[in-house]
Amino acid sequence: MKYVLVTGGVVSGLGKGVTASSIGVLLKAYPYLNTDAGTMSPFEHGEVFVLDDGGEVDLDLGNYERFLDVKLTRDNNITTGKIYQSVLEKERRGDYLGNTVQVVPHITDAIQEWIERVAMIPVDGKEGPADVCVIELGGTIGDIESMPFIEALGQFSYHVGPGNFCLIHVSLVPVLNVVGEQKTKPTQHSVRGLRGLGLTPNILACRSTKALNENVKAKLSQFCHVPAENVVTLYDVPNIWHIPLLLRVGGLLWDQKAHEAILKALKLLGVAREPDLQDWIARTRVYDVLLEPVKIAMVGKYTGLSDSYLSVLKALLHASVACRRKLVVEWVAAGDLEDATAKEAPDVYKNAWNLLKGSDGVVVPGGFGDRGVQGKIIAAKYARENKVPFLGICLGMQIAVIEFAQSVLGLDDANSTEFDPQTSHPCVIFMPEACSAAGSKTHMGGTMRLGSRRTYFKVPNCKSAKLYGNASFVDERHRHRYEVNPDMVPQFENAGLSFVGRDETGQRMEVIELPSHPYFVGAQFHPEFKSRPGKPSALFLGLVAAASGQLDAVLQNYGHESKLLPNGMSNGKPIVKPYQNGNATKSSNGSLNGVYSNGNGVHY
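Residues numbered from 1 in each chain as written. Predicted model: local features only at pLDDT ≥ 70, side-chain atom pairs only at ≥ 80, totals over all residues. Heavy atoms only, no water.

An unreviewed UniProt entry annotates the protein chain as CTP synthase of Populus tomentosa. If you open the UniProt record of the protein chain and go to Catalytic activity (unreviewed entry), you find "UTP + L-glutamine + ATP + H2O = CTP + L-glutamate + ADP + phosphate + 2 H(+)". (UniProt positions renumbered as here; feature names shortened; annotations may be inferred.)

Now the structure itself:
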């Protein structure tokens, strides 16, 4: 087994996860090589990403799954808590024969054993272990939380031996506006700290606004003891799909040959051929030249922290590229749509409504708690009454059901028991998973429906089933505790709300549709977690297609086969007809780089 470790220095948020994912893309593009990926994170942040097995993990696992198109497990995410728990369990069983349990060797040994065990578990659907395991160390070198992991990895590099371990250190090379010079000192200090902890980098991946000057590379090579050809630049690009191409270019940029440095460190140069990145390049080209916008209103309560909805944003992006549209996300704080805001902050209220009314489609994502619920209900009502394409996810689906009960059924006090335990019309109720903690509303982990579950389509000709390729069932990931009250379903369906997807018992409502609406869909599961750049989530694709006037064409194509090619074509037919201009594929309206959120470019 070969191991690639990605660490970070100077500051957090440099993009270790994207770098590690991109390395995985490079290695996976080689014939005869496959990769596994995982993180070691002493803390978590941003959204909670849910895996097939129900593991609730850091958002970086989502990057790995999306980039590598693999299905990871909860064991691919190593945290301090998991390690200490496993060591304490061993101590309680007497495995240490009464010896004092210490960080070294017991904790560090447990970390190494975990890595070796999990690295042997295939995650790509193929038999046998991976050839290369990619590891990301969370945090920044020098963080006290990471110390046991760093010590363990230092021992691990010695344990696996030369040729089986490659360390890539992601660091910052800032440019001070005063002098306009790329400064190497932060990276020098970071590498010195890394070496002082027993780890020596094979490759420096330097984050900067622009490509490193040759003299800067030479200086970093000299002072960090890394060959000049192993100092690579990861500069700001229009979208993160460029990062694998920065490391190993397939025709768009110069060749930094980071792939050769990795293979050389792992002694794989003799067995690996040139990586096949043509699909990735084609997709990136399409992404870069999109111009015609599609505006999607994201109505939630965490709009100030976009990482809270990272997977939803990625799913929207994948769908928009497939439909040849430039994604514009309009962030709408749910509470700003409410009457109380109209009285307290009329300008905020007016702006929120302008954003909502100016959008081509509406998404109400998942969440917990009652803050902003009324605003979400208002957004669902607006979309339903004005025939605006709508997608409700988890709580968003429940919101759509509550709104329908209040507005169409005339049940003014209809609500979820999560928000109003005394409601006389509980259209959403507490339905825990069958487990030891069932019935408890205080132990959230024990009562949540987590991980992959099967949904059966009860209405074969519905839009959702067609988008999934006329599938009779689909497996999607869940994370919730409350569900639609099955006792009220006949009442809803008699009024026109169709519950087209249900679980195997028929008691859990999984997908709703309004047949009379151009696209009004709700899903109890989280389809965003399984969306991939070349395989956009079916329900998100339906939303963006409806929002851009392409739903009929998509349903016609996807009603036969749900395969999406990297160049944005479905079943060999372009959703939007492209034309060739030189080496780049362009939309008929010209070109523009970047993905936009309220008009601002997003950079890696």
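What follows continues from the structure just given.
Applying the stated criterion to the full structure yields 22 salt bridges. The residue Asp69 makes a salt bridge to Arg532 at a minimum N-O spacing of 3.5 Å. Of this pair, Asp69 sits in the loop between α2 (59–68) and β5 (77–78) while Arg532 sits in the loop between β21 (520–523) and α19 (538–547), and the two are 463 residues apart along the sequence. When its relative accessible area of 6% is taken as the criterion, Arg532 is described as buried. A salt bridge links Glu113 to Lys90; the nearest nitrogen and oxygen atoms lie 3.0 Å apart. In this pair, Glu113 sits in helix α4 (residues 103–119) while Lys90 sits in helix α3 (residues 80–93), placing the two residues 23 residues apart along the sequence. With relative accessibility at 22%, the residue Lys90 sits in the partly exposed group. Members of the salt-bridge network, linked through shared partners, are Asp52, Glu65, Asp69, Lys71, Arg477, Arg532 and Lys535. (Salt bridge = Lys/Arg side-chain N within 4 Å of Asp/Glu carboxyl O. Helix = DSSP H or I, 4+ residues; strand = E, 2+ residues; numbered from the N terminus. Buried < 20%, exposed > 50% of the residue type's maximum accessible area, 1.4 Å probe, protein only.)

Here we take up unusual backbone geometry. Residues other than glycine predominantly adopt negative phi, and peptide bonds predominantly adopt the trans conformation. Between Val104 and Pro105 the backbone carries a cis peptide bond, its omega angle lying at 15°. In this structure, Pro105 sits in helix α4. Unusually for a residue other than glycine, Lys387 sits at a positive phi of about 60°. Positionally, Lys387 belongs in the loop between α14 (373–385) and β13 (390–393). With a phi close to 55°, Cys394 is a non-glycine residue in the positive phi region. Given a relative accessible area of 5%, Cys394 falls into the buried group.

What follows concerns the nonpolar core. One finds Val4, Ile168, Met298, Leu316 and Leu539 to be the most contacted residues of the largest nonpolar core, which totals 100 residues. Per-element accounting of this core gives the leading share, nine residues, to α19. Listed in part, the 46 residues of the second largest apolar core include Val401, Ile402, Ala414 and Cys427. (Core = buried A, V, L, I, M, F, W, Y, C linked by side-chain atoms within 4.5 Å.)

This paragraph deals with the pairing of strand β11 (residues 326–333). Taken across its eight residues, β11 has seven buried, putting it largely inside the fold. As paired elements, strand β10 (residues 293–300) and β11 share eight bridges and run parallel to each other. Residue pairing across strands places Pro293 opposite Lys326, the latter belonging to β11. (Pairing = 2+ DSSP bridges.)

Glancing now at the packing of aromatic side chains. Considering all chains together, one arrives at 14 aromatic pairs under this definition. Relative to Phe492, the ring of Phe404 has its centre 6.2 Å away and its plane inclined at 50°; by these criteria the two rings are tilted. Remark: Phe492 occurs in helix α18 (residues 489–494) and Phe404 occurs in helix α15 (residues 395–407); sequence separation between them is 88 residues. There is no split in this pair, since Phe404 and Phe492 are both buried. Aromatic ring contacts, followed pair by pair, group Tyr3, Phe156 and Phe165 into a single cluster. (Phe/Tyr/Trp six-rings, centres within 6.5 Å; stacked < 30°, edge-to-face > 60°.)

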